[in-house]
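# Structural overview
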Amino acid sequence: MSGLVRTTALPWAELARFPLAAGPTPLVRAHRLEAALGIGPLLVKRDDLIGFGVAGNKTRPLEFLVGAAVQQGARVFVTGGGPGSNFCAAAAMAARAAGLACELHVWGDPRSANLALATAAGATLVPTGGSVREEVDEQVMARVAQLGASAYGVPRGGSTALGAVGFAAGAAEVAAQLAAADVRPGLIVLPVGSGGSVAGLLTGLAAVGLDVPVLGVSVSRPLDEIRAKVLELAAGCAALLGCAAPDPGALTLVDARGPGFGTASERERAHAREALWAEGLLLDETYGAEAFSAVVDLVDPPADGPVLWWHTGGLLPAVGSLLKGPA
Ligand SMILES: Cc1ncc(COP(=O)(O)O)c(C=O)c1O
């Protein structure tokens, strides 16, 4: 099991983990952004600075998913996504770092910065031949069935119960930082795509006993659908960790699909520009701008503590939108 470590804290200690992140990501107060937008107090969890390529929050599930693939003795990591998939690029880099081949089943036009990075990391792109996102997962599972134990497959976004363990460990990471600073947030806000990050966060917060409500900003799925998926992933994650499933009442979801997946509204882009100007934060149009805009527009300052906004990354698409022209 060379390259694997055992986690040292809480229930995930027994699971194989392939280390990728450079360490706890910074938790910082955004004073200038608070002043610019008249909001706050605002804490930012900087997963954009996670220190593995530009993989952002997707580094967290990949530590456990690649750990499991190595433990299984797999030789190829099979997954997929669309042109803008941060997970595909992150998976390609993580697989390469662990000495695994990577096969990515991709829908849509493959000419994108993220897929170029995946290719540079040595991944093989297999076009689904269609533009339907859901086809990717079917194709991945069919390919894994064909290859047998030499392959380890995960659906789009790495959102499985095991992948969610990565963000559960992230919850413990932030809980330790908050305890050290003697701060308790009133709310945690993060973007929600395939749902694994928020599922793991809820599970981890419950596991470490940090009772803070979570606002998930859904960017790609209607609320009923994503809520059911998140709670199912959280229950699976909790079962893997041997802890109780989190209280569904801790999660509020808002629908931020707006003009469509991957496109921010004018208002969201204006908020992203303020974040860039005030703090040097780069927000992408799929996840970051939507979640941050929800912080600005939907969150009243909680009386019982600052808002903690989880900046999940998306750096390559963020630069890509700047290339399209001024907001
Ligand atoms: C930058 C970024 N933020 C947030 C998310 C959403 O995470 P999840 O798919 O776990 O809900 C993703 C998913 O790809 C992402 O790439």
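Here the residue numbers are simple positions, counted from 1 along each chain's written sequence. With the structure being a predicted model, the display of local features is reserved for residues of pLDDT at least 70 and the display and counting of side-chain atom pairs for 80 or more, all residues being used for whole-chain, interface and lining totals. As a convention, hydrogens and water are excluded, and side-chain values are obtained from all of the structure's heavy atoms.

Our next topic: the overall build of the protein. Helix and strand labels come from DSSP, where a helix needs a run of H or I of at least four residues and a strand needs a run of E of at least two; each type is numbered from the N terminus. Within the protein one finds eleven helices and twelve strands. Here the C-alpha atoms of the protein give a radius of gyration of 18 Å, agreeing with the 20 Å that 2.2 N^0.38 yields for 327 residues. Overall size of the protein, expressed as C-alpha extent along the three principal axes, is 55 × 45 × 35 Å. Any residue under 20% of the maximum accessible area for its type is buried, any over 50% is exposed, and the rest in between are partly exposed; the area is computed with a 1.4 Å probe on protein chains only. Every one of the 327 residues in the protein was classed for burial, and the buried ones make up 54%. Of all intrachain contacts in the protein linking residues separated by at least 6 positions in sequence, the fraction that spans at least 24 positions is 74%. Surface exposure of the protein reaches about 12,900 Å², of which carbon and sulfur atoms provide 56%. Charged residues are defined here as Lys and Arg on the positive side and Asp and Glu on the negative side; His and the ends of the chain fall outside this count. In plain terms, the charge of a residue is placed at NZ if it is Lys, CZ if Arg, CG if Asp and CD if Glu. Here the protein carries 23 positive and 29 negative side-chain charges, and the mean point of each set is 6 Å from the other. A radius of gyration in this sense is built from C-alpha atoms; the matching globule rule multiplies 2.2 Å by the number of residues raised to 0.38. Here, residues are in contact when the closest pair of their heavy atoms is within 4.5 Å. Computed with a 1.4 Å probe, the accessible areas rest on the Shrake-Rupley method; for each residue, only the protein chains presented here act as cover.

Residues are classed as near a molecule or strand on a simple rule: at least one heavy atom within 4 Å of it. The environment of the ligand is made up of 15 residues, and the closest members are Asn86, Gly193, Ser194, Ser197 and Thr312. In the model, an oxygen atom of the ligand is placed 2.7 Å from a nitrogen or oxygen of the serine 197 side chain. For this analysis, a polar contact is any N or O atom pair within 3.5 Å, provided that within protein one partner can donate a hydrogen and the other can accept it, and provided that sequence-adjacent residues contribute only side-chain to side-chain pairs. Interatomic distance of 3.3 Å between a side-chain N/O atom of tyrosine 287 and an oxygen atom of the ligand. The protein chains hide 97% of the 390 Å² of surface that the ligand would expose on its own. For the shell around the ligand, the elements supplying multiple residues, two or more each, are strand 9 (187–192) and helix 7 (196–208).

Either a parallel or an antiparallel arrangement is found when strands of a sheet pair, and the pairing is made through backbone hydrogen bonds. When DSSP finds at least two bridges between two strands, those strands are taken to pair. The six strands are arranged 3-4-12-9-10-11 in an open sheet whose pairing can be described as mixed. If you trace the sheet from one side to the other, it starts and ends with strand 3 (27–29) and strand 11 (251–255), each paired once. Strand-to-strand twist across the sheet, computed as the mean angle between neighbouring axes with direction ignored, equals 25 degrees. In the packing of helix 7 onto the sheet, contacts are made with strand 9, strand 10 (214–218), strand 11 and strand 12 (307–311), and the angle to strand 9 comes to roughly 155 degrees. Packing of helix 10 (residues 288–298) onto the sheet brings it into contact with strand 4 (42–46), strand 9, strand 10, strand 11 and strand 12, and relative to strand 12 it is tilted by some 170 degrees. Here, axes are lines fitted to C-alpha atoms. For helices the fit covers the stretch in contact, and angles between N-to-C directions go from 0 to 180 degrees.

UniProt positions are given in the numbering used here, feature names are shortened, and annotations may be inferred rather than shown by experiment. Mapped onto this numbering, the UniProt entry gives "modified residue: N6-(pyridoxal phosphate)lysine" (unreviewed entry) at Lys58. With respect to the element layout, lysine 58 can be found in the loop between strand 4 and helix 2 (59–72).

Another point: the side chain of glutamate 285. Note that glutamate 285 resides in the loop between helix 9 (266–279) and helix 10. Polar contacts involving the side chain of glutamate 285 include one to the side chain of arginine 269, which spans 3.5 Å. Excluding residues within four positions of it along the chain, glutamate 285 makes contact with Gly262, Thr263, Ala264, Arg269, Glu290, Ser321 and Lys324.

Within the secondary structure, threonine 128 is located in the loop between strand 7 (124–127) and helix 5 (134–147). Using a relative accessible area of 15% as the deciding quantity, one classes threonine 128 as buried.

What follows covers the pattern of salt bridges. Definition used for salt bridges: Asp or Glu carboxyl oxygen within 4 Å of a side-chain nitrogen of Lys or Arg. All chains considered together, the criterion is met by 16 salt bridges. A salt bridge links arginine 257 to aspartate 255; the shortest N-O distance between them is 2.7 Å. A relative accessible area of 39% means that aspartate 255 is categorised as partly exposed. One salt bridge connects aspartate 297 with arginine 267, and the closest N-O pair in it is separated by 2.7 Å. Of this pair, aspartate 297 sits in helix 10 while arginine 267 is found in helix 9, placing the two residues 30 residues apart along the sequence. A residue is classified by how much of its surface remains accessible, and aspartate 297, at 38% relative accessible area, is partly exposed. In the salt-bridge network here, residues are joined through shared partners; they are Lys45, Asp47, Arg60 and Glu173.

Before going further, it helps to examine the pairing of strand 12. Within strand 12, five of the five residues are buried, leaving the element largely enclosed by the surrounding structure. Where burial is concerned, the two faces of strand 12 agree: the one with Val307, Trp309 and His311 and the one with Leu308 and Trp310 are both buried. Pairing between strand 4 and strand 12: five bridges, direction parallel. Within the sheet, the bridge partner assigned to valine 44 lies in strand 12 and is tryptophan 309.

A word on unusual backbone geometry. A cis geometry characterises the amide bond from glycine 40 onward to proline 41, with omega recorded as 0 degrees. Here proline 41 shows up in the loop between helix 1 (31–37) and strand 4. Not every positive phi belongs to a glycine, and aspartate 182 is a case in point at roughly 55 degrees. You can see aspartate 182 is positioned in the loop between helix 6 (161–181) and strand 9.

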